[in-house]
Amino acid sequence: MTVPLKVNIGQLAHDDIIIVTVGPTGSAKSSFINIASGSHCDTVGHSLVSRTCEVSAVKYTDDESGQRIVLVDTPGLNNTSKGDLEVQAMISQWLRSMWENQGIDHQCHPLFS
């Protein structure tokens, strides 16, 4: 596995596999991304207090398949600092920007944790 890197939408390629994690605050979305990618994000919380404040992405290459994988972390639903509509709007905006601005034409595979 390559060293995972935080990336922005402009660094995504049309053949990247993109997995967006969505779920309530405290459901281990950030922990899943850290374990799956080998990254060490400092926004992992260990309580029901929200730590992830924005949509962010980590990209790495899987050793076995050679496929580039992008894991997208999102603020939790039932967030302690943002309402669900605000969180949903942030996720929708990130996805819309990915599809429209980068011309990426592939399916999004939400992973509900």
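Here's what I pulled together on the structure shown here.

With that settled, consider the overall build of the protein chain. Across its full length, the protein chain carries two helices and five strands. Secondary structure elements in the protein chain, listed N-terminal to C-terminal, are β-β-α-β-β-α-β. The buried share among the 113 residues of the protein chain stands at 39%. In the protein chain, 64% of the contacts between residues at least 6 apart in sequence involve partners at least 24 apart. Accessible surface for the protein chain amounts to roughly 6,500 Å². Of this, 55% is attributable to carbon and sulfur atoms.

Positionally, Val72 belongs in strand 4 (residues 68–73). If near-sequence neighbours (up to four positions away) are discounted, Val72 is found in contact with Ile18, Ile19, Val20, Thr21, Ile33, Val55, Ser56, Ala57 and Trp94.

Below, the discussion takes up unusual backbone geometry. Here the phi dihedral of Ala28 falls at roughly 75°; this positive angle occurs in a residue that is not glycine. Along the chain, Ala28 falls in the loop between strand 2 (17–22) and helix 1 (29–37). Of the residues examined, Ala28 reaches a relative accessible area of 42% and is grouped as partly exposed.

In the structure shown here, the tally under the stated rule is three salt bridges. The partner of Asp15 in a salt bridge is Arg68, with the nearest N and O atoms 2.3 Å apart. Highlighted residues: Asp15 in the loop between strand 1 (5–7) and strand 2 and Arg68 in strand 4, separated in sequence by 53 residues. Residue Asp15 is classed as partly exposed on the basis of its relative accessible area of 37%. Judged by relative accessible area, Arg68 falls into the partly exposed class, the value being 29%.

What follows deals with the nonpolar core. Within the largest apolar cluster, 15 residues are counted, with the highest numbers of intra-cluster contacts made by Leu12, Ile18, Val72, Trp94 and Met98. Secondary-structure elements contributing two or more residues to this core are strand 2, strand 4 and helix 2 (84–102). A per-element tally of this core places helix 2 first, with five residues. By size, the runner-up hydrophobic cluster in this structure holds five residues, among which are Ile33, Val58, Ile69 and Leu71.

Here we come to the environment of Gln11. Turning to its location among the elements, Gln11 is positioned in the loop between strand 1 and strand 2. Looking at Gln11, the relative accessible area reads 43%, which means it is partly exposed. Between the C-alpha atom of Gln11 and that of Lys59, which follows or precedes it by 48 residues, the distance is 9.1 Å. Sequence-distant contacts of Gln11, defined by excluding residues within four places in its chain, comprise Lys6, Asp16 and Lys59.

Analysis parameters
Counting restarts for each chain, with residues numbered from 1 along the sequence as it is written. Given that this is a predicted model, residues contribute local features only at a pLDDT of at least 70 and side-chain atom pairs are listed and counted only at 80 or more, while totals for whole chains, interfaces and linings are drawn from all residues. Excluding hydrogens and water, the side-chain figures rest on all heavy atoms present in the structure. Numbered from the N terminus, helices here are DSSP runs of H or I no shorter than four residues, and strands are runs of E no shorter than two. Three labels apply to residues, based on accessible area from a 1.4 Å probe with only protein chains included: buried if under 20% of the type maximum, exposed if over 50%, partly exposed otherwise in between. Note on contacts: a residue pair qualifies if any of its non-hydrogen atoms lie within 4.5 Å across the two residues. The accessible surface values rely on the Shrake-Rupley method and a 1.4 Å probe; as for residues, cover is taken only from the protein chains in view. What makes a salt bridge here is a side-chain nitrogen of Lys or Arg within 4 Å of a carboxyl oxygen of Asp or Glu, nothing more. Residues belong to one nonpolar core when they are buried, are Ala, Val, Leu, Ile, Met, Phe, Trp, Tyr or Cys, and are joined through side-chain atoms within 4.5 Å.

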